[in-house]
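What follows is each chain in one-letter form.
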4 protein chains.
Amino acid sequence: MSDEVARLRETVAALHAELVRYNLVAWTAGNVSARVPGRDLMVIKPSGVSYDDLRPGNMVVCDLDGVVVEGDLAPSSDTAAHAYVYRAMPDVGGVVHTHSGYATAWAACGESIPCHLTAQADEFGGEIPIGPFALIGGDDIGKGIVATLTGHRSPAVLMRNHGVFTIGRTARDAVKAAVMCEDVARTAHLARTLGDPVPIAPEDIDSLYARYQNVYGQTTIPSARR
Amino acid sequence: MSDEVARLRETVAALHAELVRYNLVAWTAGNVSARVPGRDLMVIKPSGVSYDDLRPGNMVVCDLDGVVVEGDLAPSSDTAAHAYVYRAMPDVGGVVHTHSGYATAWAACGESIPCHLTAQADEFGGEIPIGPFALIGGDDIGKGIVATLTGHRSPAVLMRNHGVFTIGRTARDAVKAAVMCEDVARTAHLARTLGDPVPIAPEDIDSLYARYQNVYGQTTIPSARR
Amino acid sequence: MSDEVARLRETVAALHAELVRYNLVAWTAGNVSARVPGRDLMVIKPSGVSYDDLRPGNMVVCDLDGVVVEGDLAPSSDTAAHAYVYRAMPDVGGVVHTHSGYATAWAACGESIPCHLTAQADEFGGEIPIGPFALIGGDDIGKGIVATLTGHRSPAVLMRNHGVFTIGRTARDAVKAAVMCEDVARTAHLARTLGDPVPIAPEDIDSLYARYQNVYGQTTIPSARR
Amino acid sequence: MSDEVARLRETVAALHAELVRYNLVAWTAGNVSARVPGRDLMVIKPSGVSYDDLRPGNMVVCDLDGVVVEGDLAPSSDTAAHAYVYRAMPDVGGVVHTHSGYATAWAACGESIPCHLTAQADEFGGEIPIGPFALIGGDDIGKGIVATLTGHRSPAVLMRNHGVFTIGRTARDAVKAAVMCEDVARTAHLARTLGDPVPIAPEDIDSLYARYQNVYGQTTIPSARR
């Protein structure tokens, strides 16, 4: 298939290592996908395969209904949710799903994560929202993600009793959101079990978010090895 | 001895690395065994040997009364419990024991882990049950495991004041259950110390469990390196 | 540029590995800088670059107003805060900023860390103080750091709702303070969620601090590889 | 010097890696020593040197008053406490000191760790006792350790507001006690913050302890690489 698909197979396989590095996943419970730009296709993790065994060659290419187009393995059992997001949100180029522990604890309690941290204001623009309970197997999870994130600043949603879905312009951005979501969820948990977290004023959250989205990082991406 | 035993020595020695990787064990406190299919034998860790020092050649082969059949070292001090499970539950091909911290905290409190997570419904079919207090040295631990898990969906039991035993069709399945048990126990702990975890409706638990047991993963196991 | 700058590029790049090793940072959220002795210059991490990708060659040299003097990349978004500290505190040779989880939880609650540990008395001379809330983008963060740490024994300040800044005679000293700050913050959190931490008498804190500052370690630094 | 000293230099240097592996130490805050059998000497870590930089050649040999006999570096600032223990407890061949987080949290609260775990009964024979507050610099810490552990089953003492000291027949045994102490302290903390830990009956603790001291492990130590 095309060079673009080959490149994304490599990217998606490699990005799963970040889920492992940041301790967001146990056994095989988490997955990354990327949209193939300009085509109704996505590249996603195969189902139930160990992170150690992921290679560009065993990634699965599906259409945006989740039907396998290329690959010998069954795609992630979360493929329908990824596909729904790509169909409904044309600007999304990457989706990540994890059951990272602290974020999932908030999800188990059915609570959004309130914004007590400047880093959360930067990345998420305020609270990280809770989404509905939804059963796997149809479009319910995808609908829940899209309904919660549409028009919301946050690239992460806590699906009730389930875990985290994040979106991004690219798969790497979605992975970053998954990493930062767990980091924020952990610090917020530690703050609540410690004492009384102090709110940040809404106007300060707005100001932090606006600045971070425009100023942080390199305007032109440096030549980095990943 | 047979090729099958040689293969299982390798598998059992290697699987202990997963206990280390997922931080389920300290020093030498955890062990994996596998039944030798079609024979009244099992392969198990030697007692008190560091995980770094486990090799196919120092695994111990015992009969299902725990008597050493092959090997220079004394078998795990938990051998009697493993053996009892294999005698009583003919479908079990692997047994794992750990004192993984979060799961053992639930065990220390004498509490089953209630089901607040879809991943727990998937893997354990509902709560992870608490078993009795039992002293080591006879069949009491084995009896407690079998009494608790017989007819239960969960492949994991929390033995009171002690730790976790898991079972599986294979040793690898039992290791997966041990990894997921700690992951679930951790998230459930984090949820309870955070707020009020929301229950999942019993019919939703049933539906998640039924689907996961039938749909997840690859129908034919992919050629993976482990 | 000078040998001194070349040496500090190497030191600053390498010290970021300690932030990773001690789990003080997620993604790119933390930075180290060093003052160039005897010159109005500092060496600092580039903004938004992964820790894996840091090299002596991509560190950024700025003047003490934060203006880039040497380097192809934009400097850390926290450069203004580092620069303010170097301008205001001439004995400071290194500055570190992290959002390490436990320390940031104390910061989110707007609380100083009380001194219940002899190690905290040793390193910080008592409580680790809370600083003000300050928005990024001008001198407010720098002013808050300097106002809190001037005349205080502690080389670490918890900036409210934000994270940790530490100072040191050298960049390595500031990194050590960041590592010990998180270690102390963690133990203090664990103690508070466990029971009633016992205070240390002020005169004992004074005695511990005086001894540690004078006696600990090697009088002449041993030839170590870092 | 003698072969015995050379061997112990190697052992002591290497055992520090276990403190790092089990996350018991931050920066340079923890140390291991071994008595030289049959001589009034001990081998101990140098003060303030990174774990990465420990080599057989930079270990320090002291007499049992803590005076350096061999070595270019100053010995650990805890040398006086180690030396006091060796003078007072002739059967002790190894001493370890850490500020491991969970155990030190119990120490900060001035509480012994009650016995809710069979693994704790096995290794410690019941509760892990709290010792007195003591300032560094004389014999007070050593006296507190010896007063608490003499006639006690536990090889670990929680020194109030400070950290853990463990003893063993060998340095390796003392390191094992330090690892297991933190593991037990963590699980006990998690159990208390979760619910109501169930006590183990004193006669069951006695029975577990008696069995473990006599039956566990290999009668003759297997040829292991460490």
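Residues numbered from 1 in each chain as written. Chains lettered and ligands numbered in written order. Predicted model: local features only at pLDDT ≥ 70, side-chain atom pairs only at ≥ 80, totals over all residues. Heavy atoms only, no water.

As annotated in an unreviewed UniProt entry, chain A carries the name L-ribulose-5-phosphate 4-epimerase and is attributed to Micromonospora costi. Here chain A is described in UniProt, under the heading Catalytic activity (unreviewed entry), as follows: "L-ribulose 5-phosphate = D-xylulose 5-phosphate". A UniProt comment under Sequence similarities (unreviewed entry) is attached to chain A, and it reads "Belongs to the aldolase class II family. AraD/FucA subfamily." (UniProt positions renumbered as here; feature names shortened; annotations may be inferred.)

Visitor: Please set out the overall build of chain A residue by residue, giving values where relevant.
Guide: Scanning chain A from terminus to terminus reveals 7 helices and 8 strands. Residue burial in chain A is summarised as follows: out of 226 residues, 62% are buried. Taking all contacts inside chain A whose residues are at least 6 apart in sequence as the whole, residues at least 24 apart take part in 63%. With an accessible surface of roughly 8,200 Å², chain A has 50% of that area assigned to carbon and sulfur atoms. Distance from the positive charge centre (19 side chains) to the negative charge centre (26 side chains) of chain A: 4 Å. (Helix = DSSP H or I, 4+ residues; strand = E, 2+ residues; numbered from the N terminus. Buried < 20%, exposed > 50% of the residue type's maximum accessible area, 1.4 Å probe, protein only. Contact = heavy atoms within 4.5 Å. Areas by Shrake-Rupley, 256 points an atom, 1.4 Å probe, with all protein chains shown as cover. Lys, Arg positive; Asp, Glu negative; His and termini not counted. Charge placed at Lys NZ, Arg CZ, Asp CG, Glu CD.)

Visitor: Give a description of the UniProt feature "domain: Class II aldolase/adducin N-terminal" (unreviewed entry) in chain A that names residues and reports values.
Guide: With numbering matched to this structure, UniProt assigns "domain: Class II aldolase/adducin N-terminal" (unreviewed entry) to residues 10–189 of chain A. End-to-end, the C-alpha atoms of residues 10–189 of chain A are 35 Å apart, and along that stretch the chain is 37% helix and 19% strand.

Visitor: Describe the relation of the copies chain A and chain C, listing the residues and the values that go with them.
Guide: Rotating chain A by 90° and translating it 0.0 Å along the rotation axis places it on chain C, where the RMSD comes to 0.0 Å. Such a turn and shift between the copies fits a four-fold axis. By C-alpha distance to the rotation axis, the residue of chain A lying nearest is Thr193 of chain A, at 5.0 Å. By residue overlap, the copies meet through two different surfaces: only 3% of the interface positions of chain A are interface positions in chain C. (Least-squares fit on C-alpha atoms with pLDDT ≥ 70 in both.)

Visitor: I'd love a proper account of the arrangement of the chains, names of residues and values included.
Guide: No part of chain B reaches chain C; the closest C-alpha pair between them is 10 Å apart. For chain A and chain D, which are not in contact, the least C-alpha distance works out to 10 Å.

Visitor: I'd love a proper account of the interface of chain A and chain C, names of residues and values included.
Guide: Listed as interface residues are 36 residues of chain A and, on the opposing side, 35 residues of chain C. Carbon and sulfur atoms make up 59% of the surface buried where chain A meets chain C, a total of about 3,100 Å² over both sides. Run the count over chain A and chain C and you get 1 salt bridge. On inspection of chain A and its partner chain C, the count reaches 8 residue pairs in polar contact (both at pLDDT 80 or more). Its residues placed into classes, the side of chain A that touches chain C shows 17 nonpolar, 8 polar and 11 charged. (Buried area = accessible area lost by both parts, 1.4 Å probe. Salt bridge = Lys/Arg side-chain N within 4 Å of Asp/Glu carboxyl O. Polar contact = N/O pair within 3.5 Å; in protein donor to acceptor, adjacent residues only side chain to side chain. Nonpolar A, V, L, I, M, F, W, Y, C, P; charged D, E, K, R; others polar.)

Visitor: Talk me through the side chain of Ser33 of chain B; I want residue IDs and the actual numbers.
Guide: Residue and element names in this part refer to chain B. Along the chain, Ser33 falls in strand β1 (residues 30–36). Residue classification places Ser33 among the buried positions, given a relative accessible area of 0%. A distance of 2.6 Å separates the side chain of Ser33 from the side chain of Tyr86, its partner in a polar contact.

Visitor: For the interface of chain D and chain B, give the residues involved together with the corresponding values.
Guide: At the junction of the two partners, chain D supplies 36 residues and chain B supplies 35 residues. Where chain D abuts chain B, roughly 3,100 Å² becomes buried across the two surfaces, and 59% of that area is made up of carbon and sulfur atoms. At the junction of chain D with chain B, the criterion picks out 1 salt bridge. Taking the shortest distance from any N to any O, the salt bridge between Arg21 of chain D and Asp52 of chain B comes out at 2.5 Å. Joining chain D to chain B, the criterion identifies 8 residue pairs in polar contact (both at pLDDT 80 or more). Residue assignment for the side of chain D that touches chain B shows that the elements contributing at least two residues are α1 (3–21), α4 (118–124), α6 (171–194) and α7 (202–215) of chain D. With 12 residues, α6 of chain D is the largest single contributor of residues to the side of chain D that touches chain B. Split by residue class, the side of chain D that touches chain B holds 17 nonpolar, 8 polar and 11 charged.

Visitor: Summarise unusual backbone geometry; cite the residues concerned and give the values.
Guide: Residue and element names in this part refer to chain D. Although it is not a glycine, Trp27 adopts a positive phi angle of roughly 55°. Mapping Trp27 onto the fold places it in the loop between α1 and β1 (30–36). Since its relative accessible area comes to 9%, Trp27 is described here as buried. One non-glycine residue, Asn161, adopts positive backbone phi at about 60°. On the secondary structure map, Asn161 appears in the loop between β7 (156–159) and β8 (163–168).

Visitor: Go over the relation of the copies chain D and chain B, please, and point to the residues and values.
Guide: Taken together, a rotation about one axis and a shift along it account for how the two chain copies relate. Turning chain D through 90° and shifting it by 0.0 Å along the axis lays it on chain B, with an RMSD of 0.0 Å. A distinct binding surface is used by each copy, with only 3% of the interface residues of chain D retained as interface residues in chain B.

Visitor: With reference to specific residues and values, describe the sheet that holds strand β1 (residues 30–36) of chain A.
Guide: All names here are of chain A. Strand order in the open sheet formed by 8 strands is β4-β3-β2-β1-β5-β8-β7-β6, with mixed pairing between adjacent strands. Each edge of the sheet is formed by a strand with only one pairing partner; in this case those strands are β4 (68–70) and β6 (130–131). Strand contacts of helix α6 (residues 171–194): β1, β5 (94–98), β7 (156–159) and β8 (163–168), with the helix running at about 140° to β8, the strand carrying the most contacts. (Pairing = 2+ DSSP bridges. Axes fitted to C-alpha atoms, helices over the stretch in contact; angles between N-to-C directions.)

Visitor: Explain the packing of aromatic side chains to me, using residue names and the numbers behind them.
Guide: If you walk through the whole model with that rule in mind, you get 4 aromatic pairs over all chains. Aromatic pair Trp27 of chain B and Tyr22 of chain D: ring centres 6.3 Å apart, planes at 40°, arrangement tilted. Note that Trp27 of chain B is positioned in the loop between α1 (3–21) and β1 and Tyr22 of chain D in the loop between α1 and β1, a pairing that runs across two chains. The ring of Tyr51 of chain C has Lys45 of chain C sitting right over it, with the charged end atom 5.3 Å from the ring centre. (Phe/Tyr/Trp six-rings, centres within 6.5 Å; stacked < 30°, edge-to-face > 60°. Lys NZ or Arg CZ within 6 Å of the ring centre and 35° of its normal.)

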